[in-house]
Amino acid sequence: MTATLAHQLTGQMIIAGSPVSGTGAEIRGFDPAAGQPLEPAYRHGDSADVEAAAAAAAAAFPVYRATTSEQRAQFLEAIAARIEAVKETLIARAVAESGLPQARITGEVGRTTGQLRLFAEVLREGSWNGARIDNALPDRAPLPRPDIRQRFIPLGPVAVFSASNFPLAFSVAGGDTASALAAGCPVVVKGHDAHPGTSEIVARAITEAVAESGLPAGTFSLLFGTGQKLGIALVTDPRIKAVGFTGSRTGGTALVAAAAARPEPIPVYAEMSSINPVFLLDGALSTRGAELGKAFIGSLTMGSGQFCTNPGLVIAVDGPGLDAFVAAAREAVSAAPATPMLTPNIAGSYASGVESLAAAAELVARGVEGSETCGQAALFTTDAKSFLASEDLQAEVFGASSLIVRCADAAEVAVVAQGIEGQLTATVHADDSDGDAARELLPLLELKAGRILFNGWPTGVEVCHAMVHGGPFPATSDSRTTSVGARAIERFLRPVAYQDVPKALLPSAIADGNPEQIWRRIDGRLSQD
């Protein structure tokens, strides 16, 4: 496939396949490395644009939900191919709009297309249908049992809010969009103001794939906007049936509240705030404390610390091992260069967050200074009692800063573990000698995090069948779900039971003879019959 006109930027939104110029506030991409705005200008949409996009999505839904698994799988693969066709132009624009290095964006393109292809595999494998059949028992006493069958169906049109820190993988064609489209739900994306050009390129690739696949134009739309005029209007439009969001705690909770206040409340799957605690156990510290300190700073400063899984908290028992860790971390932080942050606003918020930490904790080290649009790494330390007593010390600071909590003993480590909020991840560094301590800690961490990892670092989320990228509030608004991995499709499905429905009317996933050749639970047992 050759590159198409998809990469030629127009500064427009796309509603059901048609370019639309907004009438609201003007926005531009901003190159944080060069410190200058980018062309072209875009304008925010308004409630009329939400009306048009939601209406088109609602009109597309009956047709799109009726597509087969294979048709949707081919559609997702077509999107991936279209993105790859404009890869060179896409990478250049995303690098310019984010300040992130080319290697990182190149990897993100691969992750984005990989997610799309993963859900194509999920669709073909078929277990996402949740097919169950309890055959009729007409002779059962005292009452016969009817024929009851169950499958999952799509919820309806989904609103997706793009993230600032992943201009591709958590954006227009990111995991929320891929999983919603896989489920059979049309998608209306609110693109992020930080990367409008990147969003337009990807949106045009999706729009081309919609047309190529013969799907209704309303299957996908891209809008720009904020606040009441667009964000809340989108979530409260009665045709929108679910929301995917990655962003701040303030923004996520506002959307949750708006969705809950609707005459028909809808689910909001919001990924919000996490400081991702790292627990250093005694054996690991005594044998490799300095090594861990250096590796920790490598994880902390990656991507200017702008990861939702950034290790913003370290917890350990005070002693020589922790001293070695802190010394190595201090040296690494002091040498860390200041690197561009995604936007001037994010850089400003990071600087304010570091100031709050400095007022409540002891400074260990700062990185090399840079311009106002760059993030200067920061490392602080405090004791367990001070940490538990301070909201400022427990708040997420989005960027390359972290806090080390020195505990008196293992019992105090457990108290800190119990006192922290819900998290996306919890990391444990342990040697063989730490087996008993790790065994006691693990049940506490299960109640606090969606992903628990040993002897690694939380930055980097593998896209696979077993991954969980979620966790108790405020990490996410619904701890029962994941936004990464094969199970993300479940957020946009609901079960329906079919009782004594005529055989000729049964959907293929639960029809006699298993025409889709998928695994189904029949009378309580898994079967491919």
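It should be noted that the structure appears before, not after, this text.
So, how was this worked out
Residues numbered from 1 in each chain as written. Predicted model: local features only at pLDDT ≥ 70, side-chain atom pairs only at ≥ 80, totals over all residues. Heavy atoms only, no water. Helix = DSSP H or I, 4+ residues; strand = E, 2+ residues; numbered from the N terminus. Contact = heavy atoms within 4.5 Å. Areas by Shrake-Rupley, 256 points an atom, 1.4 Å probe, with all protein chains shown as cover. Lys, Arg positive; Asp, Glu negative; His and termini not counted. Charge placed at Lys NZ, Arg CZ, Asp CG, Glu CD. 1 Å grid on protein atoms, 1.4 Å probe; cavity = no way out; pocket = protein on both sides within 12 Å on 5 of 7 lines; lining within 4 Å. Points joined across faces, edges and corners; volume = space filled by probe spheres on them. Nonpolar A, V, L, I, M, F, W, Y, C, P; charged D, E, K, R; others polar.

**A look at the overall build of the protein**
Part 1 of the reasoning: Within the protein, the secondary structure is distributed over 15 helices and 25 strands.
Part 2 of the reasoning: C-alpha atoms of the protein, sized along the principal axes, occupy 75 × 65 × 45 Å.
Part 3 of the reasoning: Partitioning the contacts of the protein with sequence separation of at least 6, the portion at a separation of at least 24 is 76%.
Part 4 of the reasoning: Carbon and sulfur atoms provide 54% of the accessible area of the protein, an area that totals close to 21100 Å².
Part 5 of the reasoning: Averaging the positions of the 40 positive and the 55 negative side-chain charges in the protein gives two centres separated by 7 Å.

**Details of empty space enclosed by the protein**
Part 1 of the reasoning: Counted according to the given criterion, the structure contains three cavities of 30 Å³ or more.
Part 2 of the reasoning: Its boundaries defined by the atoms lining it, the largest cavity holds a volume of some 120 Å³.
Part 3 of the reasoning: Lining the largest cavity we find 17 residues, and of these Ile-275, Gly-312, Glu-396, Val-397 and Ser-401 sit closest to its centre.
Part 4 of the reasoning: No other element matches strand S20 (residues 401–407), which puts three residues into the lining of the largest cavity.
Part 5 of the reasoning: In the lining of the largest cavity, the residues fall into nine nonpolar, seven polar and one charged.
Part 6 of the reasoning: Considered as a void within the structure, the second largest cavity measures approximately 80 Å³ in volume.
Part 7 of the reasoning: In terms of lining residues, the second largest cavity is bounded by 14 residues, among which Tyr-269, Glu-271, Thr-476, Ser-483 and Arg-491 are the most central.
Part 8 of the reasoning: When residues of the lining of the second largest cavity are traced back to their parent elements, those giving at least two are strand S12 (242–246) and strand S13 (268–271).
Part 9 of the reasoning: With three residues, S13 is the single largest residue contributor to the lining of the second largest cavity.

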